[in-house]
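Close look at the chain arrangement
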There are 2 protein chains.
Amino acid sequence: MKITRKGEYAMRALVDLALHYKKGMRQIQDIVREEDIPEKFLEQILLALKNAGFVESKRGVGGGYFLSNPPDKILLGDVIRLIDGPLAPLDCVSKTKHVKCPKEITCGIHSVMLDVSNATAEILDHVTLADVCNRTKGMAERRAEHQMYYI
Amino acid sequence: MKITRKGEYAMRALVDLALHYKKGMRQIQDIVREEDIPEKFLEQILLALKNAGFVESKRGVGGGYFLSNPPDKILLGDVIRLIDGPLAPLDCVSKTKHVKCPKEITCGIHSVMLDVSNATAEILDHVTLADVCNRTKGMAERRAEHQMYYI
DNA sequence: GAAATTTCCGATTTGACATATAGGAATACT
DNA sequence: AGTATTCCTATATGTCAAATCGGAAATTTC
Ligand code: FES
Ligand code: FES
């Protein structure tokens, strides 16, 4: 699983929306300013996220985007699967797999990559947008504490 | 970390060499026949593996390739890093990283991806070529047992 | 020492895909 | 009507994966 810019932008945008959950609409421009993402590219991404049901939107003046569900109900793994495809590092390990290795049934490499794939999914399918926000907050606080020693 | 064909071929070739460790030279043609890999492509790959010290070679009649070290001393993680680059799913998490997220220092996504990266490395930096061979053997045996019920 | 075999090495090709950008249509508010 | 905002499709651009080509260098064999 390689996470592309598109996937990274999608996650960053969703985290941004999570931080503003239940605080009204959030417009593309707002997210662009906050996250430094190419506007037209983000437009495409939000559209995909909308079609997949992660976010909803409203057009016209005062419109914008907002999460369809609470941040603690959105798994990072699902976002990545939508934007960047399977979590598995090798196609032969993912569901929509093509047989590539001539001896797949007894392929040790396949077996190892299955382990990797499961370990990755185990993490990404348990981390929610809310968790990401909390991590960010925790890191910022711990950093602030450290700063205090130098005041 | 996305594993490319090149990386997959590299691993398959090394496993093939591991299975013939201390049994003399193994020529490109032999590996091609056994593993169904494009010959000229495999040539490039073996050359890279040789320059990195994983294999050694001998030219001319009766020449070929062989592992520089015993199969239980070669880690899958090192092979993948050489051929396909960092194990991390995002560049900002790898050593040779470029700052991409504007708030990297307190980025929750970064933190999660670091976990993923570490989990992946934990597996791939403990699996050797010998382990892969054993897994293959184990799978084949278990499969053979199953077959017996149908005889 | 000529011929056959095998690895070594750089250049080139091809197609796919990542990363956008452009331009306008549709919708909603004032 | 006019403005703001999302929606949608098409197009451009560059990079890289995946291979192919052609010959040079080394080694053995005869
Ligand atoms: S089955 Fe995927 S590498 Fe063998
Ligand atoms: S630091 Fe990599 S996504 Fe934020």
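As shown above, the structure is provided for reference.
Fair warning: this is a prediction, and the values are worked out from it, not measured in the lab. Counting of residues starts from 1 at the beginning of each chain's written sequence and follows it residue by residue. Each chain gets a letter, beginning with A, and each ligand a number, beginning with 1, in the order they are written. Selection of residues for local features in this predicted model requires a pLDDT of at least 70, selection of side-chain atom pairs for listing and counting requires 80 or more, and totals for whole chains, interfaces and linings are taken over all residues. Hydrogens and waters are ignored; side-chain quantities use all the structure's heavy atoms.

Looking at the relation of the copies chain A and chain B
Note the following rule: When the copies are superposed, the least-squares fit takes in the C-alpha atoms of residues with a pLDDT of at least 70 in both. Any two residues whose heavy atoms approach within 4.5 Å at even a single point are treated as in contact.
In screw terms, the move from chain A to chain B is a rotation of 180° and a rise of 0.0 Å along the axis, fitting with an RMSD of 0.1 Å. Taken together, the rotation and translation describe the operation of a two-fold axis. Interface residue correspondence from chain A to chain B reaches 98%, placing this contact among same-surface, isologous pairings.

Brief notes about helix 2 (residues 28-35) of chain A
Residue and element names in this part refer to chain A. Put simply, the rule is: Residue burial is assigned from relative accessible area. The probe radius is 1.4 Å, only protein chains are included, and a residue is buried under 20% of its type maximum, exposed over 50%, and partly exposed in between. Each helix corresponds to a stretch of at least 4 residues labelled H or I by DSSP, and each strand to a stretch of at least 2 residues labelled E; elements are numbered beginning at the N terminus. Note that the arc is defined by the directions from the helix axis to the C-beta atoms.
Every buried residue of helix 2 is listed here: Ile28, Ile31, Val32 and Glu35. Looking straight down helix 2, one finds that the buried residues subtend no more than 100° of arc, so they occupy a single side. The secondary structure elements touched by the buried residues of helix 2 are helix 1 (5-19), helix 3 (39-51) and strand 2 (64-67). At the C-terminal side of helix 2, Asp36 shows a positive phi close to 60°.

Some points on the pairing of strand 2 of chain A
Basically, it comes down to this: Any two strands with at least two DSSP-identified bridges between them are counted as paired.
Across four bridges, strand 1 (residues 55-58) of chain A lies against strand 2 of chain A in antiparallel orientation. Residue A:Ser57 lies in a different strand from strand 2 of chain A, and its bridge partner there is A:Tyr65.

Overview of the protein's contact with DNA strand D
The criterion, for reference: Residues are counted as near a molecule or strand when any one of their heavy atoms sits within 4 Å of it. For this analysis, a polar contact is any N or O atom pair within 3.5 Å, provided that within protein one partner can donate a hydrogen and the other can accept it, and provided that sequence-adjacent residues contribute only side-chain to side-chain pairs. Classification used: nonpolar for Ala, Val, Leu, Ile, Met, Phe, Trp, Tyr, Cys and Pro, charged for Asp, Glu, Lys and Arg, polar for all others including Gly.
The environment of DNA strand D is made up of 26 residues, and the closest members are A:Glu43, A:Ser57, B:Lys40, B:Gln44 and B:Arg59. If you look at DNA strand D and keep only atoms within 4 Å of the protein, 65% of those are sugar or phosphate atoms. Take B:Gln44: an N or O atom from its side chain is 2.5 Å from a base oxygen of DNA strand D. Between a sugar or linking oxygen of DNA strand D and a side-chain N or O atom of B:Arg59, the distance comes to 3.4 Å. Those elements that provide at least two residues to the surface near DNA strand D are helix 3, strand 1 and strand 2 of chain A together with helix 1 (5-19) and helix 3 (39-51) of chain B. No other element matches the five residues that helix 3 of chain A contributes to the surface near DNA strand D. Of the residues belonging to the surface near DNA strand D, the class tally is eight nonpolar, eight polar and 10 charged.

Some remarks on the protein's contact with DNA strand C
As a structural note, the neighbourhood of DNA strand C is formed by 25 residues, with A:Lys40, A:Gln44, A:Arg59, B:Glu43 and B:Ser57 the closest of them. Measuring from a sugar or linking oxygen of DNA strand C, one finds a backbone N or O atom of B:Gly60 at 3.3 Å. B:Tyr65 places a polar side-chain atom, nitrogen or oxygen, 2.8 Å from a phosphate oxygen of DNA strand C. Secondary structure elements with two or more residues in the surface near DNA strand C: helix 1 and helix 3 of chain A together with helix 3, strand 1 (55-58) and strand 2 (64-67) of chain B. When residues of the surface near DNA strand C are assigned to their parent elements, the largest contribution, four residues, is made by helix 3 of chain B. Looking at the surface near DNA strand C residue by residue, the classes come out as eight nonpolar, seven polar and 10 charged.

Things to note about the interface of chain A and chain B
Defined as follows: Buried area, as used here, totals the accessible surface that two parts lose on assembly, with accessibility defined by a 1.4 Å probe and the loss added over both. Any Lys or Arg side-chain nitrogen located within 4 Å of an Asp or Glu carboxyl oxygen qualifies as a salt bridge.
Residue-level contacts link 41 residues of chain A with 40 residues of chain B. Summing both partners gives a buried area of about 3,700 Å² for chain A against chain B, and 69% of it is carried by carbon and sulfur. Joining chain A to chain B, the criterion identifies eight salt bridges. Linking A:Lys100 and B:Glu8 is a salt bridge whose minimum nitrogen-to-oxygen distance equals 3.0 Å. Listed by contribution, the elements that provide at least two residues to the side of chain A that touches chain B are helix 1, helix 2, helix 4 (76-84), helix 5 (108-124) and helix 6 (129-148) of chain A. Per-element accounting of the side of chain A that touches chain B gives the leading share, 11 residues, to helix 5 of chain A. Of the residues assigned to the side of chain A that touches chain B, the class counts are 23 nonpolar, five polar and 13 charged.

Digging into the packing of aromatic side chains
Residues and elements named next belong to chain A. Quick reminder of the rule: Planes of paired rings set the category: under 30 degrees apart is stacked, over 60 is edge-to-face and the rest tilted, where pairs are Phe, Tyr or Trp rings (Trp by its six-membered ring) whose centres lie within 6.5 Å.
Overall, the coordinates contain two aromatic pairs over all chains when judged by the stated rule. Summarising the aromatic geometry, the rings of Tyr9 and Phe41 are spaced 5.8 Å apart at their centres and angled 90° between planes, so their arrangement reads as edge-to-face. Placement of the pair is Tyr9 in helix 1 and Phe41 in helix 3, with a sequence separation of 32 residues. Phe41 sits in the partly exposed class, given a relative accessible area of 27%.

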